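Below are the chains, spelled out letter by letter.
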Amino acid sequence: GSNGDPEWPGKAMTKVETNEYGQDVYSIEIPADMDNIIFNNGTAQTDDLDATEIADGWGAYVADDGTVKYYQYEVVENTTAAPATTAAPATTAAPATTQAATTTTDAPETTPATTVAPATTVAPETTPATTVAPATTVAPETAPATTVAPETTPTTDAPEKLSEGYYLVGSLNGKSCWTADTITADRKLKENPGLAGEYMLDYTFYLNDAVKVVYFDGTDIKTWYNDGGENYGIGENKVGEGTVYFRPEGNDLWSYFYFTIQPKEPVTEETTTAPETTVPETTAPEADSNTLYLKPNSNWTQAGARFAMYFFGSSGNKWVDMKDSDGDGIYEGTIPTGSWTHVIFCRMNPSSTTNNWDNKWNQTGDLTLPTGGNNLYTINSGQWDSGQNGSWSVKK
């Protein structure tokens, strides 16, 4: 943590009880600034565990396979107090009428202050003889029946408590969560109220996260999206608080992965060297600020292809035709009214005027709507379909 690492093997834990299964249970207070923790017995040890994931009142144990599992351990107030009938040893310096917890160590006559009872019953010499354990104190051996042995039903190992639906899985912020017992309720996708058949999840993503979506039937994972294919990697333009949009039946738009990630705040994508038409951002472009332009390469202009744009965002999605009104080889289209975060330029089949994915021949990747005055997307020479297959610039 921020206060440094303690000297190995660390701080000793306090025995709380021996539970009904004959297992010794120990406790320790974890400082708020502690990032990681290792449990050990001086010889064997666990891996580095994330201390921030261990909530107050939860316990950990080492399973037969060597992994660390967590379970909820009910915290009982003043659980360390001694039974009212336990008297201090005769040699204890405290007054004979002062009750203390049973101990196997007799306090020296010259050091009564060091004779320590559990935290709730430390009795200084001036403690009246009437000082007794509070009536509500419950000894560990009488712990309520709701305390569950870790071998039986650890809370985190009960996927049946998760409801049926679609969940995000993967390697998220360095943590692996690919199995039914590692998915959590906070990664369940909900139905998109603005688009039937689509699901969504607000989530914070980190660079190089790798994710998929799974269908969970309430007991186990039944379907992977995509099944057997590559994971969806989080690049720099997807980092931060964002939203996963997912369609179980897939979509040509989202190609191999069947879902896309839309950042809540647009992030300017790095571009390749700007073409000759680039001008300084301080120069106000003459083009309409509500218009986007496409400069296709010689591959895209073959066979009399026409061109269209596909916008998507919190307003749903919308197709827009593109035209070369002045014959300069640059096609333009108006940004529709709505809240959009991405655009895809598409090379379309000229035999139909209908814009849909069945009539699409080629496309760019999911392009974040540009900033800084950039409004012209140029398809790089020789490119067909390759995701980020061009670059943004400012149209003069």
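Remember, it's a predicted structure, so these values are computed and weren't measured experimentally.

Section: the overall build of the protein chain
Phase 1 of the analysis: When helices and strands are counted, the protein chain shows zero helices and 24 strands.
Phase 2 of the analysis: Here the protein chain holds 396 residues, and 39% of them are scored as buried.
Phase 3 of the analysis: Long-range contacts, defined as pairs at least 24 residues apart, comprise 57% of the intrachain contacts of the protein chain with a sequence gap of at least 6.
Phase 4 of the analysis: Of the roughly 22400 Å² that the protein chain leaves accessible, carbon and sulfur atoms contribute 50%.

Section: the pairing of strand β20 (residues 342-348)
Phase 1 of the analysis: Along β20, seven of the seven residues are buried, which leaves the element largely enclosed by surrounding structure.
Phase 2 of the analysis: In this sheet, β20 lies alongside strand β17 (residues 306-313) in antiparallel orientation, the contact comprising seven bridges. Across the sheet, Phe 307 pairs through a bridge with Arg 347, a residue of β20.
Phase 3 of the analysis: Two elements, β20 and strand β22 (residues 367-368), share two bridges in a ladder whose sense is antiparallel. In the strand pairing of β22, His 342 is matched with Thr 368.

Description of unusual backbone geometry
Phase 1 of the analysis: Here Asn 208, not a glycine, exhibits a phi torsion of approximately 75°, which is positive.
Phase 2 of the analysis: Mapping Asn 208 onto the fold places it in the loop between β10 (199-205) and β11 (210-216).
Phase 3 of the analysis: In this structure Asn 208 comes out as exposed when scored by relative accessible area, which is 63%.

Points about the sheet that holds strand β23 (residues 376-379)
Phase 1 of the analysis: Strand order in the open sheet formed by four strands is β19-β16-β23-β24, with mixed pairing between adjacent strands. Two strands lie at the open edges of the sheet, namely β19 (331-334) and β24 (390-393), each paired on one side alone. Strand-to-strand twist in this sheet, taken as the mean axis angle between neighbours without regard to direction, amounts to 20°.
Phase 2 of the analysis: In terms of strand pairing, strand β16 (residues 291-295) meets β23 through three bridges, oriented parallel. When the bridges of β23 are listed, Tyr 293 appears paired with Leu 376.

Focus on the confidence of the model for the protein chain
Phase 1 of the analysis: Here the protein chain averages 73 in pLDDT, and 66% of its residues register 70 or above.
Phase 2 of the analysis: Predicted confidence for residues 78-135 stays below pLDDT 50, and this span has 46 contacts to residues more than four positions away or in other chains.

Parameters and conventions
- Residues numbered from 1 in each chain as written.
- Predicted model: local features only at pLDDT ≥ 70, side-chain atom pairs only at ≥ 80, totals over all residues.
- Heavy atoms only, no water.
- Helix = DSSP H or I, 4+ residues; strand = E, 2+ residues; numbered from the N terminus.
- Buried < 20%, exposed > 50% of the residue type's maximum accessible area, 1.4 Å probe, protein only.
- Contact = heavy atoms within 4.5 Å.
- Areas by Shrake-Rupley, 256 points an atom, 1.4 Å probe, with all protein chains shown as cover.
- Pairing = 2+ DSSP bridges.
- Axes fitted to C-alpha atoms, helices over the stretch in contact; angles between N-to-C directions.
- pLDDT = per-residue confidence, 0-100.

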